[in-house]
Amino acid sequence: MQKNFHDPFDHYIRELPVPDPEIKGRRVRINQGTIKSITRLTHDTLELVVRCDPASQPLDGSAGQYATLKVPGIRKSRSYSFAKTPEDENPGEHTFYIRLVPGGELSGWLAEGDRAGEHVELAGPLGTFGLDASDDTMVCIAGGSGMSAIAAIVKHAANLGVARDCFFFYGARTQKDLYCHEEMRAVGERWNSAHSFEFIPVLSEEPEDSDWSGPRGLVTAFVKNEYLDQGRLPTHGVKAYFCGPPPMIDHGVEVFAGAGLGDENIYFDKFEDASSPAPVVDNTKCVLCDECLLVKPVANCLVEATNFKINGDDFAFSFEQVQPARTSGLYYNSLYIDEGECVRCFACVDACPHDAISVDYDRTPKTLRMYT
């Protein structure tokens, strides 16, 4: 018999989200392997090929996703996009384009000498960036080592024979920073013959007196001025893909939004680093589904925590991890992202089905019991 009464706790109850089967298929695997080869592509960009140990499980990644790499002597993992589609890789191998960053720990380690045969720990796949299923025109814009993810996506599209046009704009500083010309030429030759593929490098710092006859300037400004404003690109029936430095992506998104392209048609993968803010868990929105815990690439980036000590800026400067059977359960504590361990991969943000993790949330830790 149905009872009619008011439940005083009803306003605390939230409906659990429906599990996302795509997230279930993106469980992060941590594999051990070795460096198979390192090839210099430009004066400051390397191609790194990692071979996973024979007993490793396949990562089951897709073009546009990335992985974290950890090598001996480097405490924290680093995130890098896959530079090849899974169907183009040898079994158990993964290719990355890595820029030699001044002061960069992992890139500096790679540049010190021949690292072939060295041990590496690889965790992935991570991220949701990738080819969409529409037939819309593809406008791809990459900068620097953002070439990797975009190159993988257009190679995958060519392999599939997609019935769509593609414009690939690549922003570099000078001619000595250009690479993948032959690969993009091969993509153009394999592209669906009923549609077009164009690869357009744009140089921002090429000397005026050089022999370069191609486009110059910032790549996003060039696309706006020479393609969007001139009507050489459609503003409807388009999907825009960006990969590279955050300022390039921010300006590119602004340009395409100004041309009338909706957010749902814009995809991007920003190259964040330790200087970027770490995401924060809002425990008032957390429903204890564990999706974030199942995609973390390192052991202690996202932990169940208790006994926070807060400094004058409301940041936690110490805490204790919840130990099963030793401390109280998570219900009385918090899911917490340790900024010192976080590698800024944002896999937890992508995986959370209830919008409980964001870089915009209050960074003062809160426990779940405060809201029950």
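Remember, predicted model here, so these are calculated numbers, not experimental data. (Residues numbered from 1 in each chain as written. Predicted model: local features only at pLDDT ≥ 70, side-chain atom pairs only at ≥ 80, totals over all residues. Heavy atoms only, no water.)

The subject of this paragraph is the sheet that holds strand E1 (residues 29–42). Strand order across the open sheet formed by six strands is E4-E3-E6-E1-E2-E5, with antiparallel pairing between neighbours. Two strands lie at the open edges of the sheet, namely strand E4 (78–81) and strand E5 (93–99), each paired on one side alone. Looking at each pair of strands side by side, their axes are set apart by 40° on average, direction ignored. (Pairing = 2+ DSSP bridges. Helix = DSSP H or I, 4+ residues; strand = E, 2+ residues; numbered from the N terminus. Axes fitted to C-alpha atoms, helices over the stretch in contact; angles between N-to-C directions.)

Here the focus is the pattern of salt bridges. All told, the structure shown has 16 salt bridges when counted by the stated rule. Glu112 is the partner of Arg115 in a salt bridge, and the nearest nitrogen-oxygen pair spans 2.7 Å. Judged by relative accessible area, Glu112 falls into the exposed class, the value being 61%. Its salt-bridge partner being Glu118, residue Arg115 comes within 3.2 Å of it at the nearest N-O pair. Residue classification places Arg115 among the buried residues on the basis of a relative accessible area of 13%. A relative accessible area of 26% places Glu118 in the partly exposed class. Via salt bridges that share partners, Asp44, Arg99, Arg173 and Asp177 belong to a single interconnected network. (Salt bridge = Lys/Arg side-chain N within 4 Å of Asp/Glu carboxyl O. Buried < 20%, exposed > 50% of the residue type's maximum accessible area, 1.4 Å probe, protein only.)

Before going further, it helps to examine helix H3 (residues 147–160). The α-helix advances 3.6 residues per turn, and as a result positions three or four apart in sequence lie on the same side. The first and last C-alpha atoms of H3 sit 20 Å apart over 14 residues, in line with the 20 Å expected at 1.5 Å per residue. Summarising burial for H3: 11 of the 14 residues are buried, a large majority. Within H3, the full set of buried residues consists of Met147, Ser148, Ala149, Ile150, Ala151, Ala152, Ile153, Val154, Lys155, Ala157 and Ala158. (Expected span 1.5 Å × (residues − 1).)

Once that is clear, we can look at the side chain of Ser107. Along the chain, Ser107 falls in helix H2 (residues 105–111). The class of Ser107 is buried, set by a relative accessible area of 4%. If we ignore the near neighbours within four places in the chain, the residues touching Ser107 are Ile98, Arg99, Leu100 and Val101. (Contact = heavy atoms within 4.5 Å.)

The next thing to look at is the packing of helix H5 (residues 219–228) against helix H6 (residues 246–258). Put simply, H5 and H6 touch, their axes get as near as 8 Å, and they point 20° apart. Viewed along their axes, H5 and H6 adopt a mutual orientation that is roughly parallel. H6 is crossed by H5, and the crossing has right-handed handedness. The residues of H6 that touch H5, namely those facing Val219, Thr220, Ala221, Val223, Lys224 and Leu228, are Met248, His251, Gly252, Val255 and Phe256. Along the lines of polarity and charge, the residues of the contact of H5 with H6 split into seven nonpolar, three polar and one charged. (Parallel < 35°, antiparallel > 145°, perpendicular 65-115°, else oblique. Left-handed = near helix turned anticlockwise from the far one by under 90°. Nonpolar A, V, L, I, M, F, W, Y, C, P; charged D, E, K, R; others polar.)

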